[in-house]
Amino acid sequence: MTLDQYKPSGNQTQQNKVIVFSSQAYDKDFLTQHCPDSIEFQFFETKLDAKSVVLASGFDVVSVFVNDTIDAEVIDALLEMGVEHIALRCAGYNNVDVEYANERGMAVSRVPAYSPQAVAEHTIALMMALNRKLHKAYNRVKEGNFDLNGLLGFNLYGKTVGIIGTGKIGQAVINILLGFGCKIICYDVAQSVDVTAKGAHYTSLDELTQQSDIISLHCPLLPETKHLINNARLSAMKEGVMLINTSRGKLVDTKAVINAIKRKHIGALGLDVYEMEENLFFKNRSSEIIEDDVFQRLLTFPNVLITGHQGFFTHEALTEIAQTTISNIEYFASQQKPEQEDAIASNFL
Ligand code: NAD
């Protein structure tokens, strides 16, 4: 949908009042730092869902993140309050009913490419840490234990890495891994000539599954990619394979992966995202009893390394997120034609 299909907001001279859901101190810092006079932000830690949507009353725009729930009920409620624009501060939009929003004339914008390198570098950090067991080595050395037994890794040089999803992040991961001397095989529903020009080559999902020493997920969460990594696919993988997911938690059937680790079929698992992360991540829960037994089981394995959705979390990415979110809000409110009009219009879903 193009912006021309939206009505002007009618709030072109006044300040745009924006409620920022799921906001952390760093969101406040970066958005405030780049905030123009035309926008007033108010920050709430609360996630947006059908219960909390009432907080949006009196605002023109809601800004949301990965674990807010923007379904038809929330969209109806927002429209009734006069909210005309949902400004995502992330690239993925699986948590928004975009089709319904379009049907109802609600604008939805996102930050399509704030820093593919940030997520790609974190993906490599997980691979390297798991391979050389840095999470264990760190603790050992701190305790004066210099025993190397149990820390044996392998050379990345010459290994076959399977990349599922060769968009912006997948390609940034490929660039780094080619530097290590890895052989890259890829699967994507839409093949890119840029990928083959780099020296990587496309194959079927089945072949990738069978041939890879390391598999890294970089495709979006869609109905057809939910549990892409399931029992059958895990069983078809090489014994001792390393699986990395920095994309979306629901791409992996967590219970199936736990069974595969218990069978010693999976050699290492690195996660920056988790199937049920909505009620877990982005909050200090160190004094709480965590009730998610599946997550707790994952934490017991020595060959599993989990980070709490921090792939995007670099200075450069947060700057880009703040600037693009603000551009999207200003563009929709004013309908002016900025220099990079096409680029900004394409941020609207
Ligand atoms: P992108 O849109 O540039 O690339 C996604 C690629 O996946 C595309 O090439 C697309 O054709 C491909 N794809 C679509 N359906 C597929 C399927 N069924 N099988 C295989 N490939 C398929 O997106 P991106 O910027 O590279 O981001 C990838 C994902 O990373 C996002 O969807 C998001 O979920 C995740 N992400 C995570 C973090 C984090 O902090 N961990 C940050 C940003 C994005």
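Residues numbered from 1 in each chain as written. Predicted model: local features only at pLDDT ≥ 70, side-chain atom pairs only at ≥ 80, totals over all residues. Heavy atoms only, no water.

Chemist: Could you give me a rundown of the overall build of the protein, with the residues and numbers involved?
Modeler: The number of helices and strands found in the protein is 13 helices and 12 strands. Relative to a compact globule of 349 residues, whose C-alpha radius of gyration would be 20 Å, the protein shows 22 Å and is just as compact. With the C-alpha coordinates of the protein rotated into their principal frame, the extents come out at 65 × 50 × 35 Å. Classification of the 349 residues of the protein by burial places 49% in the buried group. Sequence separation of 24 or more characterises 66% of the internal contacts of the protein that already satisfy a separation of 6 or more. Accessible surface for the protein amounts to roughly 16800 Å². Of this, 50% is attributable to carbon and sulfur atoms. For the protein, the distance from the average position of its 30 positive side-chain charges to the average position of its 42 negative side-chain charges is 10 Å. (Helix = DSSP H or I, 4+ residues; strand = E, 2+ residues; numbered from the N terminus. Rg over C-alpha atoms; globule rule 2.2 N^0.38 Å. Buried < 20%, exposed > 50% of the residue type's maximum accessible area, 1.4 Å probe, protein only. Contact = heavy atoms within 4.5 Å. Areas by Shrake-Rupley, 256 points an atom, 1.4 Å probe, with all protein chains shown as cover. Lys, Arg positive; Asp, Glu negative; His and termini not counted. Charge placed at Lys NZ, Arg CZ, Asp CG, Glu CD.)

Chemist: Describe the pattern of salt bridges, naming the residues involved and giving the relevant values.
Modeler: Tallying each qualifying case throughout the model produces 6 salt bridges. Residues Arg285 and Glu288 are paired through a salt bridge, measuring 3.4 Å at the closest nitrogen-oxygen approach. You can call Arg285 buried: its relative accessible area is 19%. (Salt bridge = Lys/Arg side-chain N within 4 Å of Asp/Glu carboxyl O.)

Chemist: Tell me about the domain arrangement of the protein, and please be specific about residues and values.
Modeler: Domain annotation for the protein reports domain 1 (2–114 + 314–345) and domain 2 (116–306). Taking only C-alpha atoms into account, the centre of domain 1 sits 31 Å from that of domain 2. In total, about 950 Å² of surface goes out of reach between domain 1 and domain 2, with carbon and sulfur atoms giving 52% of it. The largest contributions to the domain 1 side of the interface with domain 2 come from Lys47, Asn67 and Asn94, which together make up 43% of the buried area. The tally of links between domain 1 and domain 2 comes to 5 residue pairs in polar contact (both at pLDDT 80 or more). For the side of domain 1 that touches domain 2, the per-class residue count stands at 7 nonpolar, 5 polar and 1 charged. (Domains from an automatic or database assignment. Buried area = accessible area lost by both parts, 1.4 Å probe. Polar contact = N/O pair within 3.5 Å; in protein donor to acceptor, adjacent residues only side chain to side chain. Nonpolar A, V, L, I, M, F, W, Y, C, P; charged D, E, K, R; others polar.)

Chemist: Before we move on, can you summarise the sheet that holds strand E3 (residues 61–64) with the specific residues and values?
Modeler: Spatially, the 5 strands line up as an open sheet ordered E2-E1-E3-E4-E5, and their pairing is parallel. With one partner strand each, in any of the chains shown, strand E2 (39–43) and strand E5 (107–109) form the two edges of the open sheet. Strand-to-strand, the axes of this sheet are offset by a mean angle of 20°, without reference to chain direction. Inspection of the sheet shows strand E4 (residues 85–88) paired to E5 by 3 bridges, in the parallel sense. What sits directly across from Ile86, in E5, is Val108. (Pairing = 2+ DSSP bridges. Axes fitted to C-alpha atoms, helices over the stretch in contact; angles between N-to-C directions.)

Chemist: How would you sum up the nonpolar core? Please name residues and give values.
Modeler: Of all hydrophobic cores here, the largest spans 44 residues; its most connected members are Phe41, Leu48, Val62, Val64, Ile70, Leu78 and Ile86. Of all the secondary-structure elements, those providing two or more residues to this core are strand E1 (16–20), helix H1 (25–33), E2, E3, helix H2 (72–81), E4, helix H3 (98–104) and helix H12 (315–334). Among the elements that make up this core, the one with the highest residue count is H12 (6 residues). In this structure Val62 touches Ile19, Phe21, Leu48, Ala56, Leu78, Val83, His85, Ile86 and Ala87, once residues within four positions along its chain are discounted. (Core = buried A, V, L, I, M, F, W, Y, C linked by side-chain atoms within 4.5 Å.)

Chemist: Lay out the site of the ligand with the relevant residues and their values.
Modeler: In the vicinity of the ligand lie 23 residues, with Tyr114, Lys168, Ile169, Asp188 and Thr246 positioned nearest. Between an oxygen atom of the ligand and a main-chain N or O atom of Phe312, the distance comes to 3.1 Å. Starting from 870 Å² of accessible surface for the ligand in isolation, the protein chains cover 86%. (Near = heavy atom within 4 Å.)

Chemist: Describe the pairing of strand E11 (residues 266–271), and please don't skip the residues or the numbers.
Modeler: Among the 6 residues of E11, 5 are classified as buried, and the element is accordingly described as predominantly covered. Taken together, the 5 bridges between strand E10 (residues 241–245) and E11 define a ladder with parallel strand orientation. If you follow Leu243 over to E11, its bridge partner there is Leu269. Handedness of the crossover is the feature at issue here: the chain leaves E10, passes through helix H10 (residues 254–262), returns alongside E11, and the resulting connection is right-handed. (Right-handed = clockwise from strand over helix to strand, strands pointing away.)

Chemist: Go over the environment of Val273, please, and point to the residues and values.
Modeler: By the secondary structure assignment, Val273 is in the loop between E11 and helix H11 (293–299). Under the relative-accessibility criterion, Val273 is labelled buried at 1%. On a C-alpha basis, the gap between Val273 and Thr246 in space is 5.8 Å, while along the polypeptide they are 27 residues apart. Look past the residues within four positions of Val273 in its chain and what remains in contact with it is Asn245, Thr246, Ser247, Arg248, Gly249, Phe281, Thr307 and His309.

Chemist: Report on the pairing of E3, specifying residues and quantitative values.
Modeler: Where a strand is regular, its side chains alternate between the two sheet faces. Because side chains alternate across E3, one face comprises the buried residues Val61 and Ser63, and the other comprises Val62 and Val64, equally buried. Relative to E3, E1 runs parallel, the two being bridged by 3 bridges. Bridging across to E3, Val20 finds its partner in Ser63. Examined bridge by bridge, E3 and E4 share 4 bridges and lie parallel to one another. Residue pairing in the sheet places Val64 in a bridge with Leu88 of E4. Where the polypeptide runs from E3 across H2 and back to E4, its parallel neighbour, the crossover connection is right-handed.

Chemist: Now, about helix H4 (residues 116–132): what can you tell me, with residues and values included?
Modeler: Compared with an ideal rise of 1.5 Å per residue, which puts 17 residues at 24 Å, H4 spans 24 Å between its outermost C-alpha atoms and is within 8% of the ideal. Of all 17 residues in H4, 12 are buried; the element is thus mostly enclosed. Pro116, Ala118, Val119, Ala120, His122, Thr123, Ile124, Leu126, Met127, Ala129, Leu130 and Asn131 are the residues of H4 that are buried. Positive backbone phi, at 55°, marks Lys133, one or two positions downstream of H4. (Expected span 1.5 Å × (residues − 1).)

Chemist: Describe the sheet that holds E10, with residues and values.
Modeler: A sheet is described by the order of its strands in space; here 7 strands give the open sequence E8-E7-E6-E9-E10-E11-E12, paired in parallel fashion. With partners counted over all chains shown, the strands left at the sheet margins are strand E8 (201–202) and strand E12 (304–306), one partner each. As judged from the 4 bridges shared by strand E9 (residues 214–217) and E10, these two strands associate in the parallel manner. From the neighbouring strand, Ile215 faces E10, where its bridge partner is Leu243.

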